[in-house]
Amino acid sequence: MTTALVTGASSGIGAVYARRLAARGHDLVIVARATDRLNALATELRNAHGVAIEVITADLIDCAQREPVLQRLRSDPPIDILVNNAGAGLIGDFATADPAEMDKLLRLNVLVPTLLASAAIGGMVERGNGAIINIASVLALLPEYSRGIYPATKSYLMTLSQGLAAEMASKGVYVQAVLPAATRTEIYERAGGDISKVPDLMEVEDLVDAALVGFDRRELVTIPPVPDAAAWEAFEQARGILASGFSNAKPAARYRG
C-alpha cells in the first residue's frame with residue numbers, strides 16, 4: 001500500500017483527490033489550513049475505505065508551519081505520490097496589485113510546490129519510483145487571457161513539471177502537470193471574485209477523474225477540457241520546430257541589417 005500527500009486537501013480539487021486516492025487504497029497525508037475540515041475528511045475516508053490518514057494543519061506560506069510538511073515528505077513511511085494542489089488566485093491588474101499580496105501568491109503558487117517537490121523527490125529517486133502531480137492551469141498557455149501574475153505562477157509550475165519529467169523519467173519518477181480551465185472551486189471567492197459570473201465551469205469531480213485517467217496513462221501534461229489530443233500534440237510539435245532554431249550561432253537574417 002502506498003501513501004499520497006495532498007496539499008490544499010480541505011476543499012475543492014484537493015479534497016476530491018484525497019477521496020479518489022483513498023478509494024484506490026492509498027494511505028494519505030492531507031494538508032491544509034482548515035483543521036476542522038481536514039479532520040472531518042479524515043474520518044470520512046477512514047470509515048469509507050479503511051485507509052490510514054494523517055492530518056497536518058499548515059499555512060504553507062509560513063516557513064515554520066511548512067517545515068513539518070517538508071519533514072514528513074522526507075520521512076517514513078515514504079510518500080509515493082505528492083499532489084501539489086494548494087494554490088490561490090489574485091484578482092486585478094499588475095499595475096495596481098498590492099505587493100504584499102503578490103508576495104503571498106508567489107510563495108504559495110511557486111515557492112511552496114517547488115520546495116515540496118524537492119523534499120519528496122530524493123526519496124523517490126532512491127526508491128526508483130514515485131509520482132508528483134502539479135496542479136497548474138490552462139492560463140499557463142494563455143497568460144494574456146488573465147490579468148496580473150496568476151498565469152505566470154501557473155506557467156512556472158507547468159514548465160517546472162516538464163523539466164522535472166525530462167530529468168526524472170529515467171529514475172523512475174513520474175511527473176504530471178494538470179491544467180484545469182474554469183473549475184467550480186472556492187478559489188474565486190477567496191480571491192474576491194464572483195463564481196456566478198464565470199462561464200462553462202467544470203465540476204471538480206469531473207476534473208479530478210479526468211486527471212487521474214491521464215495519470216494512469218502517464219501523460220506528462222493533462223488538459224481535461226481539451227476535446228482533441230491532437231491539438232496538444234500539434235502544439236508540442238510546433239514547440240519542437242521553434243526549438244530547432246535555437247542552436248544557430250548567428251542571428252536570423254531578419255535581425256541583420
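On a predicted model such as this, the values are computed, not experimentally measured, just so you know.

Draft legend 1. Layout of the nonpolar core. Core analysis: the biggest nonpolar cluster contains 36 residues, and L5, V31, V69, L73 and L82 have the highest contact counts within it. Within the residue set of this core, elements represented by two or more residues are β2 (27-32), α3 (63-74), α4 (99-127), α5 (150-168) and β6 (173-178). In terms of residue count, α4 provides more of this core than any other element does, eight residues in total. If we skip the residues at most four places from it in the chain, V69 touches L5, V31, I56, A58, L60 and L116. The next biggest cluster of nonpolar side chains, apart from the first, holds 32 residues, and it includes V16, Y17, L41 and I53.

Draft legend 2. Region of the structure containing the environment of N248. Among the secondary structure elements, N248 is positioned in the segment after α8 (229-243). For N248, a relative accessible area of 55% corresponds to the exposed category. Within the structure, N248 has its side chain in polar contact with the backbone oxygen of G245 (distance 3.2 Å).

Draft legend 3. Just unusual backbone geometry, in detail. Residue P77 follows D76 across a cis peptide bond; omega there is -5°. Residue placement: P77 occurs in the loop between α3 and β4 (81-84). Even without glycine at this site, R218 takes up a positive phi of about 60°. The residue R218 is located in the loop between α7 (204-216) and β7 (221-222) in this model. By relative accessible area, which is 45% here, R218 ends up partly exposed.

Draft legend 4. Local environment of the pattern of salt bridges. Under the defined criterion, the tally for this structure stands at ten salt bridges. Across the pair D93 and R147 runs a salt bridge, and its minimum N-O distance is 3.0 Å. Here D93, found in the loop between β4 and α4, pairs with R147, found in the loop between β5 (130-135) and α5; they are 54 residues apart in sequence, far enough to count as distant. A relative accessible area of 32% means that D93 is categorised as partly exposed.

Draft legend 5. Layout of the packing of aromatic side chains. Evaluated as defined, the whole model comprises two aromatic pairs. Both rings, one in Y174 and one in F215, keep their centres 5.4 Å apart while their planes meet at 55°; by these two values the pair is tilted. Residue Y174 is located in strand β6, and its partner F215 is located in helix α7; the two are separated by 41 residues in the primary sequence. By relative accessible area, which is 9% here, Y174 ends up buried. With 5.3 Å between their ring centres and 20° between their planes, W232 and F235 make a pair best called stacked. Residue W232 and its partner F235 are both found in helix α8; the two are separated by three residues, about one turn of the helix. Here F235 falls in the partly exposed class, since its relative accessible area comes to 40%. Above the ring of F215, the side-chain terminus of R218 is found at 4.8 Å from the ring centroid.

Conventions adopted
Residues numbered from 1 in each chain as written. Predicted model: local features only at pLDDT ≥ 70, side-chain atom pairs only at ≥ 80, totals over all residues. Heavy atoms only, no water. Core = buried A, V, L, I, M, F, W, Y, C linked by side-chain atoms within 4.5 Å. Buried < 20%, exposed > 50% of the residue type's maximum accessible area, 1.4 Å probe, protein only. Helix = DSSP H or I, 4+ residues; strand = E, 2+ residues; numbered from the N terminus. Contact = heavy atoms within 4.5 Å. Polar contact = N/O pair within 3.5 Å; in protein donor to acceptor, adjacent residues only side chain to side chain. Salt bridge = Lys/Arg side-chain N within 4 Å of Asp/Glu carboxyl O. Phe/Tyr/Trp six-rings, centres within 6.5 Å; stacked < 30°, edge-to-face > 60°. Lys NZ or Arg CZ within 6 Å of the ring centre and 35° of its normal.

So, to be careful, I would describe these as geometric facts and stop short of saying anything about function.
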